[in-house]
Amino acid sequence: MRVALRSRTRPKKPSGVTNTFTFAWRALLKLKYVPEQLLDVTVFPIMFLLMFTYLFGGAIAGSTGDYLQFLLPGILAMTVVTITMYTGMELNNDITKGIFDRFRSLPIWRPAVLVGALLMDAVRYTIASTIMIVLGLIMGFRPEGGAVGVLLAVALLVVFSFSLSWIWTTLGLILRTEKSLMGVSMMVLFPLTFVSNVFVDPSTLPRWLEAFVDVNPISLLVTAVRGLMHGTVTFEQVGWVLLASILLTAIFAPLTMYLYRNKS
């Protein structure tokens, strides 16, 4: 302390990258003191995969092995997309506790608080994906696209989830409580994930419902992830997901920063 006070050389101002990784590290440290935060990326994915495979596999596909090949990419996408809402919940929690105001008073790159939290969530998405894929391999999942296809599928899923998280950060700045945010996010995510091609082939649905499923962004994501894992992906399928990711980021990232700067 004395050496720091005696020093006349002003420390260099940290860069935006340094600020961002500092806040990402802060979010990572929360897991050390509250490890139960990992339940949504460890226990829940395992429960979902086991439950849906062995409960519905025989009825839908005739065998659990065949259904697993179809189901795992969909469950993987559904699980990761669902946990994107926690970014907004953490932000809303910081606002409620008053930490948010302290961060805004610091001489730092303003977006670092939000981008750092989103980077940490990308780590959570990767953990959830790894657990799901390892468990699937143990259960008999055999991706025909090989290791490269699986890695590309996870990368695409992380990119889309990162962009989707900006919606919840926007709502985290608007809504007054994290419970309100959870309610709104589940109201949006629940129909999007279940009325999709995660569990069944859309061709088996009524025509009016199939039309909705075909344009559902979650369905587009699942189709691309499934195609990458099984080696049947097309450029168009990946392109739609990347386009959706760019649009979500372009719309909600600036909106989030506007609300962040003007939050009273």
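Criteria and thresholds
- Residues numbered from 1 in each chain as written.
- Predicted model: local features only at pLDDT ≥ 70, side-chain atom pairs only at ≥ 80, totals over all residues.
- Heavy atoms only, no water.
- Axes fitted to C-alpha atoms, helices over the stretch in contact; angles between N-to-C directions.
- Helix = DSSP H or I, 4+ residues; strand = E, 2+ residues; numbered from the N terminus.
- Left-handed = near helix turned anticlockwise from the far one by under 90°.
- Contact = heavy atoms within 4.5 Å.
- Phe/Tyr/Trp six-rings, centres within 6.5 Å; stacked < 30°, edge-to-face > 60°.
- Buried < 20%, exposed > 50% of the residue type's maximum accessible area, 1.4 Å probe, protein only.

## Quick look at the packing of helix 3 (residues 39-61) against helix 4 (residues 64-82)
Two quantities define a packed helix pair, namely the angle between the axes and the distance from one axis to the other. Helix 4 packs onto helix 3 with a crossing angle of 145 degrees between their chain directions and a minimal axis gap of 9 Å. When you trace helix 3 past helix 4, the crossing you get is right-handed. In this structure, helix 3 uses Asp40, Pro45, Phe48, Leu49, Phe52, Thr53, Tyr54, Phe56, Gly57, Gly58, Ile60 and Ala61 to contact helix 4, whose residues at the interface are Thr64, Asp66, Tyr67, Leu68, Leu71, Leu72, Ile75, Met78 and Thr79.

## Some details on the packing of aromatic side chains
The geometry of an aromatic ring pair is captured by two quantities: the separation of the ring centres and the angle between the planes. In total, this model carries 7 aromatic pairs according to the counting rule given. A centroid spacing of 4.7 Å and a plane angle of 40 degrees characterise the contact between Phe52 and Phe199, whose relative ring orientation is tilted. Placement of Phe52 in helix 3 and of Phe199 in the loop between helix 9 (178-194) and helix 10 (207-215) is noted, with a sequence separation of 147 residues between them. For Phe52, a relative accessible area of 10% gives the class buried. Linked through ring pairs, Phe48, Phe52, Phe56, Phe190, Phe194 and Phe199 together constitute an aromatic cluster.

## Observations regarding the environment of Met186
Structurally, Met186 is set in helix 9. Placed 33 residues apart in sequence, Met186 and Ala153 show a C-alpha to C-alpha distance of 24 Å.

## Here's the deal with the environment of Ile46
Tracing the sequence through the fold places Ile46 in helix 3. The exposure class assigned to Ile46 is partly exposed, which follows from its relative accessible area of 33%. On a C-alpha basis, the gap between Ile46 and Gln69 in space is 16 Å, while along the polypeptide they are 23 residues apart. In this structure Ile46 touches Ile131 and Leu135, once residues within four positions along its chain are discounted.

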